[in-house]
Structure formats: C-alpha cells, structure tokens
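For reference, the chains in residue letters:
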Amino acid sequence: MRLVIKDTSDDVSLWSALYVKARILEAKPDHRKYFVLGLPTGGTPKGMYLELVKMCKAGELSFKYVKTFNMDEYVGLDRDHPESYHSFMWENLFKHIDIHPDNVNILDGNAENLVEECNGFEKKIVEAGGIDLFIGGIGPDGHIAFNEPGSSLVSKTRVKTLNKETIVANSRFFGGRECDVPTQALTVGVQTILDAREVMILITGSHKALALHYAIEEGINHMWTVTALQQHPKAVFVCDEDATLELKVKTVKYFKDLMTLHDKSITPNLG
Ligand code: GLP
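Computed from a prediction, not measured in an experiment: that's the story for all the values here.

Here is what the cut-offs are and how they apply
- Position numbers for residues count from 1 along each chain, tracking the sequence in the order it is written.
- For a predicted model such as this one, the threshold for reporting local features is a pLDDT of at least 70, and the threshold for listing and counting side-chain atom pairs is 80 or more; totals across whole chains, interfaces and linings nevertheless cover every residue.
- With hydrogens and water stripped out, all remaining heavy atoms of the structure feed into the side-chain values.
- For every residue, the accessible area (1.4 Å probe, protein chains only) is compared with the maximum for its type, and the residue is labelled buried under 20%, exposed over 50%, or partly exposed between those bounds.
- Put simply, DSSP marks the helices as runs of H or I at least four residues long and the strands as runs of E at least two long, and each gets a number from the N terminus on.
- Strands were regarded as paired on the criterion that DSSP finds at least two bridges between them.
- Convention adopted: a line fitted to C-alpha atoms gives each axis, helices being fitted over their contacting stretch, and angles between N-to-C directions are expressed from 0 to 180 degrees.
- An angle below 35 degrees is read as roughly parallel, one above 145 as roughly antiparallel, one from 65 to 115 as roughly perpendicular, and any other as oblique.
- Throughout, a contact is declared for two residues whenever any of their heavy atoms are within 4.5 Å.
- Nonpolar residues are Ala, Val, Leu, Ile, Met, Phe, Trp, Tyr, Cys and Pro. Charged residues are Asp, Glu, Lys and Arg, and all others, Gly as well, are polar.
- A 1.4 Å probe that fits into a set of points on a 1 Å grid over the protein atoms alone but cannot get out defines a cavity; an open set with protein on both sides within 12 Å along at least five of seven lines defines a pocket, and lining residues are those with an atom within 4 Å of a point.
- Grid points are joined across faces, edges and corners, and a volume is the space filled by probe spheres set on the points.
- Salt bridges are identified by distance alone: a Lys or Arg side-chain nitrogen within 4 Å of an Asp or Glu carboxyl oxygen.

Q: Can you walk me through the pairing of strand β10 (residues 235-240) in this structure?
A: Along a regular strand, successive side chains alternate from one face of the sheet to the other. Across the 6 residues that make up β10, a large majority, 6, are buried. Alternating positions in β10 separate into two faces, A235, F237 and C239 on one and V236, V238 and D240 on the other, with burial throughout. Bridging between strand β1 (residues 2-6) and β10 involves 5 bridges; their strand directions are parallel. Residue pairing for β10: R2 is matched across the bridge by V236. Here strand β9 (residues 198-203) pairs with β10 via 5 bridges, running parallel. Counterpart to I203 in the pairing with β10 is C239.

Q: Could you clarify how one ought to interpret the packing of helix α2 (residues 46-57) against helix α3 (residues 85-92) in this entry?
A: One can describe the packing of α2 onto α3 by two numbers: an axis separation of 10 Å at closest approach and a directional angle of 40°. If you check the angle between α2 and α3, you find them oblique. Residues K46, Y49 and V53 of α2 form the contact with α3, whose own contacting residues are F88, M89 and N92. Its residues assigned to classes, the contact of α2 with α3 shows 4 nonpolar, 1 polar and 1 charged.

Q: Please clarify how empty space enclosed by the protein should be interpreted in this entry.
A: Over the atoms, a rolled probe matching the size of one water molecule traces out where space is still vacant. With the rule as written, the count across this model stands at 2 cavities of 30 Å³ or more. Volume-wise, the second largest cavity comes out at about 30 Å³. If you trace the second largest cavity, you find it lined by E73, Y74, L77, D78, R79, S84, H86, L107, D108, G109 and N110. Residue classes in the lining of the second largest cavity are distributed as 3 nonpolar, 4 polar and 4 charged.

Q: Please explain the pattern of salt bridges as it appears in this structure.
A: Pairing is possible between side chains that carry opposite charge, provided their charged atoms lie close to one another. By the definition in use, this model includes 16 salt bridges. With a closest N to O distance of 3.9 Å, K156 and E122 form a salt bridge. Of this pair, K156 sits in the loop between β6 (133-136) and β7 (158-161) while E122 sits in helix α4 (residues 114-127); the two residues are 34 residues apart in sequence, bridging distant segments of the chain. A salt bridge links D195 to K156, with the shortest nitrogen-to-oxygen separation between them at 3.2 Å. Of the two residues, D195 is situated in the loop between α6 (190-194) and β9 and K156 in the loop between β6 and β7; the sequence distance between them amounts to 39 residues. Each member of the salt-bridge network shares a partner with another, and the members are R23, E26, E198 and K234.

Q: Looking at this model, I keep getting lost on the layout of surface pockets. Mind explaining?
A: Taken as a whole, the largest pocket encloses approximately 390 Å³ of empty space. Lining the largest pocket are 24 residues, and of these T41, G42, I138, G139 and N170 sit closest to its centre. Sort the elements by how many residues they give to the lining of the largest pocket and helix α5 (residues 164-170) lands first, with 3 residues. Of the residues belonging to the lining of the largest pocket, the class tally is 10 nonpolar, 11 polar and 3 charged.

Given below as structure tokens:
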C-alpha cells in the first residue's frame, strides 16, 4: 500500500488527475482494448474531475476508449434529481469530456428489480475485462462506496441501507434535511473494489483523519470497510495534510520519504 501526502486538497486533486492521465496514456487504449475506470461521487473527487476536464479540453487526454463504472447510486431518487449520482457525474465530468455515453455505467436506483440490476452490473464489469483503476473516497466512518460499517468484506454489488452517520454526512447535499436523504443505495461491494487491478482512494480534511488512521495503521476490520484495501496488491491512498492528523509522526515521515525516493519510478509519467 502507498500513502501519498500532499499539502492541500487542491494538490490532491491535481496529483490524482495526473495519475489517472498517466494510467490512461500508458495503457494506450483503442477500440479493441478499452481502459476501464471505477469512479466515485462526493465532494472529494470534484477537484480531480475539474482537472481531468481541463486536460481533456486541452487535448492532453481522451476518454474515447475509456469505459466507466460508478460506485453507487441512491435508491428511489429520480435520475434527474440534482443530487442523484447520475446528475453529479454528468454535471461534473461526462458532459465536458469526449466519452461515449454507451461507455458510461451507473447503477439504476429506480430499476424494477434491484437485485437483477446489481447482478447485471457485476456482469458488465466482467464483460468489460475488469476494472483497471478504481477511484474512491471514504466516509468519515471509513466506508467505501456505500459499504457501511459491518459490511461483508467479500461483498459484491447489492442494495444497502444507509446508516445514520452517512445520512447525516450526506444531508449537506439535501439542504441539511436528513429526511430528504434516501435511506437505501445500490453499491459495488468491497470485493468488487478489491477485484480492480489498481485502487486509488482520495481522503481530504481533518474529519477523515480517524478513518485514515484506521485505513493505514490498524488491522483489517469490517467496521472500517476501507481497511480491506490492506489486502490489495496495488492500492494508493492520496491525502492532504489535514487528513494525517491522527497518524503517527513516524508513519507520516516514512511515507513522505518513500514518496521522494520512489514517486518517479512508480508513476513515470507523473509530473
Ligand atoms: C458517500 C459516497 C462515497 C463517498 C463518501 C464521501 O457516502 N457513497 O462514495 O466516498 O460519500 O463523500 P465526500 O467526498 O463528499 O466526503
């Protein structure tokens, strides 16, 4: 596992966007072999999306041969609702880049049969050849996608009921009204994320510091589902200084030194 510590959340956005760009360019995708990205929503990845849009508009990066799979979607929220993850993705990324709409996969939280919808999503990931790079954020309680504390660490895409903490955290997107936040979501499972060839998790802000501590310094624990990534052979956490507040000084120092030594060799195209 790698931990990349940047000064600010803006630096996290730029670094992660450069990382995505490097991975896509290295893969040289074409009509026979698409690059497959797993994508998150939330406040944290917004800056990364902004940077990716800039790169695409500048002609430095193309999404023509990229397929995407989003992590999650609320159940029962209209697809056109401004807070649906469909709306979020189109507003923040897809409508600004050259991706073909057929290559965008977002779970349908209004599907008649939600179980079939989830199983079909897993099948589509397999048909696409698996996910090359899964990008995620985390909740303050260490959940990834909507894999709430206590979720199975071998779970696949399914329906989840949101816990109180997530509803409170996400109520900021619904005018602060907890009663307006959907109580269920469709989400990829922890195992779906672990199955990706590479995983990158973005963590910013002091309110995520405890979750980062669990992710890096504690053992695998289904109450902090992000800790499952300790079992992934290629996981990178990208955080800002604020998120490191609960880490030991020696942990921070170790990863900062490592970064100076190895960054260029591990991510050769990264500026
Ligand atoms: C939601 C999403 C997660 C996301 C988390 C954190 O719960 N299901 O995928 O990581 O929010 O969001 P934010 O980046 O806004 O803190």
